[in-house]
Amino acid sequence: MEFKKQLEQYRTMTEQALAEHFPKETLPYDKLVRSMEYSLMAGGKRLRPALVLEFCRVCGGDIQTALPVACGVEMLHTYSLIHDDLPAMDNDELRRGKPTNHVVFGEFTATLAGDALQAEAFASVLSAPLPPERLVKCARILANVAGYDGICGGQQLDMEGEEKPLTEADLMEIHARKTAALIRGACLMGVACAGGTAEQEAAAVDYAEALGLAFQIRDDMLDVLSTAEELGKPIGSDAQEGKTTFMSLYGAEECEKRILALTEQAKQAARRFDDSEFLTALADSMAVRRS
């Protein structure tokens, strides 16, 4: 299947499954449920679910059985975005072209929405119709990328790094956790859903780490070079918060070179699978994205 059509199929599958997750009746804590739904259904690339589904496919698995795992990854990603935007963190007021969760629902509800989405992420993963050993492996991967050595540790380092001059090694330490960890987890969970081999896991990690770093460098560039309309969130926020970024360290020309080199690394890793067309095209598309 042609890349764009397959990506759209994955996005549509994910959107439909996510939409079915929430109760339609009014509940006593309905504001919390609507807050969770507001951010989860706000659109986006659905990159991480697509990675779960595609790695499952290329490892010989059934993507329908991996769909709850893909949804769980997106729930965890959405929780991290809600918390990133909170006044205590980045204090952003726009996300994906819409007011951020705490602007609409208030800070305490937004905080609880993130907490609940993290719990629901594991519930979704563990509901997948997969053998128990694969479910346990997926849940363990998700826990590892979500915890102190993953997203939370990366966010801690990111917040502590504000108004401080950071080195390239410092940035790598932050973004190996904050950005790349969940991308790596999505790829590994896709392999786990299919019962993949150690060799396939290694190739997935190599692909994810190159893709994740290229993704972050492009993010840093877009924060300087894009527009709020195109990006769907405020630009220039990194500079306002005194953050060292790949853009401030390297400049635009060097960032582009590094993105190209990392994209090639990702494509080389993808070619270790028999069917690498989608993964190589995805890496190319992420290298030139505008949002």
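Everything below is about the structure shown above.
The rules we used
- Residues numbered from 1 in each chain as written.
- Predicted model: local features only at pLDDT ≥ 70, side-chain atom pairs only at ≥ 80, totals over all residues.
- Heavy atoms only, no water.
- Helix = DSSP H or I, 4+ residues; strand = E, 2+ residues; numbered from the N terminus.
- Polar contact = N/O pair within 3.5 Å; in protein donor to acceptor, adjacent residues only side chain to side chain.
- Contact = heavy atoms within 4.5 Å.
- Phe/Tyr/Trp six-rings, centres within 6.5 Å; stacked < 30°, edge-to-face > 60°.
- Lys NZ or Arg CZ within 6 Å of the ring centre and 35° of its normal.
- Disulfide = S-S within 2.5 Å.
- Buried < 20%, exposed > 50% of the residue type's maximum accessible area, 1.4 Å probe, protein only.
- Expected span 1.5 Å × (residues − 1).
- Arc of directions from axis to C-beta.
- Core = buried A, V, L, I, M, F, W, Y, C linked by side-chain atoms within 4.5 Å.
- Axes fitted to C-alpha atoms, helices over the stretch in contact; angles between N-to-C directions.
- Parallel < 35°, antiparallel > 145°, perpendicular 65-115°, else oblique.
- Left-handed = near helix turned anticlockwise from the far one by under 90°.
- Nonpolar A, V, L, I, M, F, W, Y, C, P; charged D, E, K, R; others polar.

Draft legend 1. Structural detail: the side chain of His83. Relative to the helices and strands, His83 is located in helix H4 (residues 63-85). Within polar-contact distance, the side chain of His83 engages the backbone oxygen of Thr111 at 3.1 Å. Setting aside chain neighbours within four positions, we find His83 in contact with Met89, Ala110, Thr111, Gly114 and Asp115.

Draft legend 2. Quick look at the packing of aromatic side chains. Under the counting rule described, the total for this entry stands at six aromatic pairs. Summarising the aromatic geometry, the rings of Phe3 and Phe278 are spaced 5.1 Å apart at their centres and angled 50° between planes, so their arrangement reads as tilted. Within this pair, whereas Phe3 is found in helix H1 (residues 3-19), its partner Phe278 is found in helix H16 (residues 277-287), the two being separated by 275 residues in sequence. Here the aromatic residues Phe3, Tyr10 and Phe278 are joined through ring pairs into a cluster of three or more. Over the aromatic face of Tyr38 sits the side chain of Lys98, whose NZ or CZ is 4.3 Å from the ring centroid. Across from the ring centre of Phe215, 3.7 Å away, lies the NZ or CZ of Arg289, which sits over that ring.

Draft legend 3. View of the state of the cysteines. As enumerated under the stated definition, the model contains zero disulfides in all. Not engaged in a disulfide, the cysteine Cys56 finds its nearest cysteine sulfur in Cys193; these two sulfurs lie 5.3 Å apart. Cysteine Cys59 is unpaired, with the sulfur of Cys56 as its nearest cysteine sulfur at 7.7 Å. In this structure Cys59 comes out as buried when scored by relative accessible area, which is 13%.

Draft legend 4. Spotlight on helix H15 (residues 252-270). Its 19 residues give H15 an end-to-end C-alpha distance of 27 Å, which sits within 8% of 27 Å, the value for a rise of 1.5 Å per residue. Every buried residue of H15 is accounted for by Cys255, Ile259, Leu262, Thr263, Ala266, Lys267, Ala269 and Ala270. On an axial view of H15, the arc spanned by its buried residues comes to 150°, and they lie on one face. For H15, exposure combined with an orientation more than 90 degrees from the buried face picks out Glu253 and Leu260. For H15, the secondary structure elements touched by its buried residues are helix H11 (198-225), helix H14 (246-250) and H16.

Draft legend 5. Local environment of the nonpolar core. If you look at the biggest cluster of nonpolar residues, it comprises 87 residues, and the most contacted ones within it are Leu51, Phe55, Val69 and Tyr207. Apart from the residues lying within four places of it in its own chain, the contact partners of Leu51 are Ile183, Ala186, Cys187, Tyr207, Leu211, Leu279 and Leu282.

Draft legend 6. Seen up close, the packing of helix H10 (residues 180-193) against H11. Put simply, H10 and H11 touch, their axes get as near as 8 Å, and they point 155° apart. The orientation of H10 relative to H11 falls into the category roughly antiparallel. Note that H10 runs across H11; the crossing there is right-handed. In this structure, H10 contributes Ala180, Ile183, Arg184, Cys187, Leu188 and Val191 to the contact, and H11 contributes Gln200, Glu201, Ala204, Val205, Tyr207, Ala208, Glu209, Leu211 and Gly212. Taken together, the residues of the contact of H10 with H11 sort by class into 10 nonpolar, two polar and three charged.

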